[in-house]
Amino acid sequence: MDDKFSLDVDGKTHTVTADPDTPLLYVLRDDLGLNNPHFGCGLAQCGTCTVQLDGQPIRSCTTPVSAVGAAKITTLAGLGTPDKPHPLQTAYIEEQVPQCGYCINGWLLTAAAFLRDNKKPTEAQIKDALSGLKCRCGTHLAILRAVKRAAAMMG
Amino acid sequence: MRHEAQRVAPSRRNLLKSAGALVVSIGSPVPLDFARAAEDAVISGAKPPLKPDRLSSYIAVNADGTVSAFYGKIDGGQGLHIAIAQMVAEELDVPFKAVKVVIGDTGTSVNQGGASGATGVQNGGKQLRAAAAEARRVLVELGAEKLGVPAERLTVDNGVVHTGTEMAKSVSYVELIGGRYFNVALAWNGKIGNPLYAPGKAKPKDPKDYKIVGQPIKREDVAPLVFARRDFTSDIKVPGMAHARMIRPGVAGAVPVNVDENSIKHIPGARVVWNQGLLGVVADKEWDAIKAARELKVTWSNASPPFPDQASLYDHIRKAPVRKREVAEQIGNVDEAFKNAARVIEAEYEWPFQSHASLGPACAVVDIKGDEVTLWTGSQKPHFTRDGVAAILGLPVEKVRAIWVPGPGSYGRNDAGDAAMDAALLAKAVGRPVRVQYTREQGTGWDPKGPASIHRVRAAIDAAGKVVAYEFGSKAFPRVDVNSNESKPHDTLAGQLTGVALQSGDGFGAPEDSYGFANKRAYWETVAPLLDRGSPLRTSHLRDPLGPQIHFASESFMDEVAVALNLDPVAFRLQYVTDPRDIAVIKAVAEKSGWQSRVSPRKDQSGAKVSGSKVSGRGISYVQRHPTRVAMVADVEVDRSTGKIWVRKFTVAHDCGQIINPDGLRQVIEGNVVQSISRTLWEEVKFSNKTVTSVDWMSYPILDITEAPETIDIVLIDRPEIEPTGAGEPATRPVAAAIANAVFDATGVRIRRAPFSPDNVKAALS
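Bear in mind the structure is a predicted one, so any value in this text is a computation, not a measurement. (Residues numbered from 1 in each chain as written. Chains lettered and ligands numbered in written order. Predicted model: local features only at pLDDT ≥ 70, side-chain atom pairs only at ≥ 80, totals over all residues. Heavy atoms only, no water.)

Asker: Account for the interface of chain A and chain B, with residues named and values stated.
Answerer: Counting residues at the interface gives 57 residues for chain A, matched by 62 residues for chain B. Roughly 4800 Å² of surface becomes buried between chain A and chain B when both sides are summed, with 57% attributable to carbon and sulfur atoms. Linking chain A with chain B are six salt bridges. Arg-145 of chain A serves as the salt-bridge partner of Glu-670 of chain B, at 2.9 Å between the closest nitrogen and oxygen. Our count for the chain A to chain B interface comes out at 26 residue pairs in polar contact (both at pLDDT 80 or more). Mapped onto the side of chain A that touches chain B, the elements with two or more residues apiece are α1 (24-31), α2 (76-79), α3 (87-95), α4 (104-117), α5 (123-130) and α6 (140-153) of chain A. Sort the elements by how many residues they give to the side of chain A that touches chain B and α6 of chain A lands first, with six residues. Classifying every residue of the side of chain A that touches chain B gives 27 nonpolar, 18 polar and twelve charged. (Contact = heavy atoms within 4.5 Å. Buried area = accessible area lost by both parts, 1.4 Å probe. Salt bridge = Lys/Arg side-chain N within 4 Å of Asp/Glu carboxyl O. Polar contact = N/O pair within 3.5 Å; in protein donor to acceptor, adjacent residues only side chain to side chain. Helix = DSSP H or I, 4+ residues; strand = E, 2+ residues; numbered from the N terminus. Nonpolar A, V, L, I, M, F, W, Y, C, P; charged D, E, K, R; others polar.)

The structure is reproduced here in structure tokens:
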């Protein structure tokens, strides 16, 4: 049976009616029309569906909408805007990171939480924090350059 | 991004006519009738038909001064559209930012072959360059008539034709044609796809005059991506659209014999589409389609696909009857040379099936309105996908419009085109627009695969230690069981599952290099596909088709010969390689990498000299790829206790002729190298005697960011006088051999089977 859920997404409150088992990904994409979290595997293996719940990166493809509760959801669109970009977004543009760009949610939202909690990280710490996220186009080095650049910007 | 729908601007001439004016440019010194006649010859108010021999099919000057460049290929994320815009802006003498490249829409561009064979610049750019040059020539002619000045005295800056001295004597492109269309014929060679070429009378610029080509211009489409404002194929939504999921058999070759629609009756709007072997479900909501696909009760036919045990795949290839054999290259008398050899060196190499495994499984949307069809696809050859959808729906090609929307990466014939064909059949069956989204399992398990192969290589050495003969043989699954595009139903899953038998192409390839051995033979043999239709192991193009496997073998073998002859691997190559550009990339990479001349393996890494289990080494490889040249040096660390290889550093020397955008080129090379490291170290499609068992990122691992190299150093060799050639694939093919050669240098052990996963390497080391 469908239930009603109130979701706080990027600072806006939305009410949706959905099967409680529906993964958050489909609610965001299909019910709220937010295209930026992508379907990549449905298995929490790649990170393309990443959003933050109260600042922590989670895989929305395996998180039921009923598990979100009152947590604040941040998508990539809520991380920053062209007028007020997050340092990672600026760094991604400067370093021209993506190829196809489909993987971008996982890297940016995971790195944003990591850099918030870890000032001046080493390269090894950055790699460990991002381990498991997938990029198929082979932009690994560009991602690392951008995260290091953003870390420097964030002091 | 610069993929914008074609502007539907009202014809400027019509606007002027309707306002009662007939004059395009006031104050023209040329008699009005004469100017109009000249214009009418080359300008049209209505858009001429979209044909390869029309200038209007490639270039338009819009009323707002922007230039549209209609490009019948696509940009899979390598920034190709920037290079194309640079080439067009350069030839037209307009600002770079004025050019909008309109990509991959069959409604606005002719079939230039889509993404294919690293020909984006080499062929596609060449055509746009020729068209832009012709457009400039025509505009200068028009300007000459308008200004009453001979064309030879005119020049163009920022889209303004002028004499350079008299300010009054100038007229802009917008004034000359803005919003109207070129009515100019080109000398089309009659071909479509990659070989399409249709130049005009104009000669493109001399490279010494370039101002925009060669500049490191950045991609403007990165910002929309990082701010989540760019749609992918999977983001396309059409009113009334149903969500669909396909259902594939658990045993390859099985077809549904009974489908219990009652099993999904409780799911709102869920509906089955069943057409012979093709089975899918649709629902209004995506989650409901997913549930229906999971819960639908299906009885499948018995099938026992003749898949060999994974462990005996290469034996299967060795023993399988040869279906076709071809000698690709034959110089001198190879057999005689081997008979008289003082010494013969031989080795055999093996390469597995590999998957595109695009980061997102394919998605496609098809909307059928009466007999008009619109398709949104991530297929990198949208014109061919249009042809396939028309064929499977039984419609004329003109009734189908395919719109390419960026997908989750594409490196050849991935699963995108198959999804389009499925969506077409489902949309027809349910009478509403359908969005097919494949699952991860389908994206990895059911996409076309890069073929598995074995390579037998031998060299004849004379008494003086000289290589006098070389033979390279491949035996393999064909290069394409299904063609590299989806234009024929027999090349698609949907076609094969609805009764059209596979028509496997027979072919393979040979190494590309310039070793000047006196006697040389390269041949290939193919073996039959494992299933005659609907196979999860059907082969097709995967980035740099055949390049990685063939050059893993050929360039590993050159290293083996160098070792056998007690020669440094770089010195060996410089002794035998004949082409000056090849020699240049080898020397450049050796210098940049700080190559230390010695015979492999290293002698200083045994006993007490090694601390811990890690040893390091360096390896070189070099290739041509019609006609780009690449040489690479890999610096690796090998952990002998775990078998794990870390490629610490790659050095690349790359010569693709004239460089259009050096920064973009570096990014493209880096992507090639990292993806190819992944294929070399990790990637192998696993299968059982039932079906493919590589179905996700656990069962088909790729290179993790913790395994990325520290550094990729790239030397670009720019040759402005040589036509630009491909960069999207060449740097893929030398990677595996460079790593294998470095592993040998480090350990003294030769790895002849890919992938070099820790288990395989550990087994080889023990």
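After presenting the structure, the write-up continues.
Asker: So, the layout of surface pockets: which residues are in play, and what are the values?
Answerer: Residue and element names in this part refer to chain B. Looking at the second largest pocket, its volume works out to about 560 Å³. Around the second largest pocket, the lining comprises 27 residues; the ones closest to its centre are Arg-294, Thr-439, Arg-440, Glu-441 and Gln-442. Residue assignment for the lining of the second largest pocket shows that the elements contributing at least two residues are β9 (242-246), α7 (286-295) and α12 (440-445). Residue composition of the lining of the second largest pocket, grouped by class: 15 nonpolar, six polar and six charged. (1 Å grid on protein atoms, 1.4 Å probe; cavity = no way out; pocket = protein on both sides within 12 Å on 5 of 7 lines; lining within 4 Å. Points joined across faces, edges and corners; volume = space filled by probe spheres on them.)

Asker: So, the pattern of salt bridges: which residues are in play, and what are the values?
Answerer: Per the counting criterion, the structure on display carries 68 salt bridges over all chains. Across the pair Glu-723 of chain B and Lys-126 of chain B runs a salt bridge whose closest N-O atoms are separated by 3.5 Å. Taken together, the residues Glu-723 of chain B in the loop between β28 (711-716) and α18 (735-747) and Lys-126 of chain B in helix α4 (residues 120-147) connect sequence positions 597 residues apart. Its relative accessible area of 46% is what places Glu-723 of chain B among the partly exposed residues. Members of the salt-bridge network, linked through shared partners, are Glu-94, Glu-95, Arg-145 and Arg-149 of chain A together with Lys-218 and Glu-670 of chain B. (Buried < 20%, exposed > 50% of the residue type's maximum accessible area, 1.4 Å probe, protein only.)

Asker: Explain the environment of Arg-145 of chain A to me, using residue names and the numbers behind them.
Answerer: Considering the arrangement of structural elements, one finds Arg-145 of chain A in helix α6. Along the chain, Arg-145 of chain A and Gln-96 of chain A lie 49 residues apart, while their C-alpha atoms are 9.9 Å from each other. When near neighbours in sequence (up to four residues on either side) are disregarded, Arg-145 of chain A contacts Glu-95 of chain A together with Gln-667 and Glu-670 of chain B.

Asker: Please give an account of the packing of aromatic side chains that cites residues and values.
Answerer: Residue and element names in this part refer to chain B. Applying the stated criterion to the full structure yields 14 aromatic pairs over all chains. When the centroid spacing of 5.7 Å and the interplanar angle of 75 degrees are considered together, the rings of Tyr-349 and Phe-552 count as edge-to-face. With Tyr-349 in strand β15 (residues 343-351) and Phe-552 in helix α14 (residues 547-564), this pair connects stretches of sequence that are 203 residues apart. We note that Tyr-349, like Phe-552, is buried. When the ring of Phe-517 is compared with that of Tyr-576, the centres are 5.1 Å apart and the planes differ by 55 degrees; the resulting orientation is tilted. (Phe/Tyr/Trp six-rings, centres within 6.5 Å; stacked < 30°, edge-to-face > 60°.)

Asker: Mind laying out the sheet that holds strand β1 (residues 3-9) of chain A, listing which residues take part and the relevant values?
Answerer: Residues and elements named next belong to chain A. Taken in spatial order, the five strands of this open sheet run β2-β1-β5-β3-β4, and their pairing is mixed. Pairing within the sheet leaves two strands with one partner each, and these edge strands are β2 (12-18) and β4 (56-59). Taking each pair of neighbouring strands and ignoring which way they run, the sheet shows an average axis angle of 40 degrees. Relative to strand β5 (residues 72-74), β1 is paired through two bridges, and the arrangement is parallel. Along β5, the bridge assignment pairs Asp-8 with Lys-72. The sheet contacts of α4 involve β3 (50-53), β4 and β5, and relative to β3 the element is tilted by about 35 degrees. (Pairing = 2+ DSSP bridges. Axes fitted to C-alpha atoms, helices over the stretch in contact; angles between N-to-C directions.)

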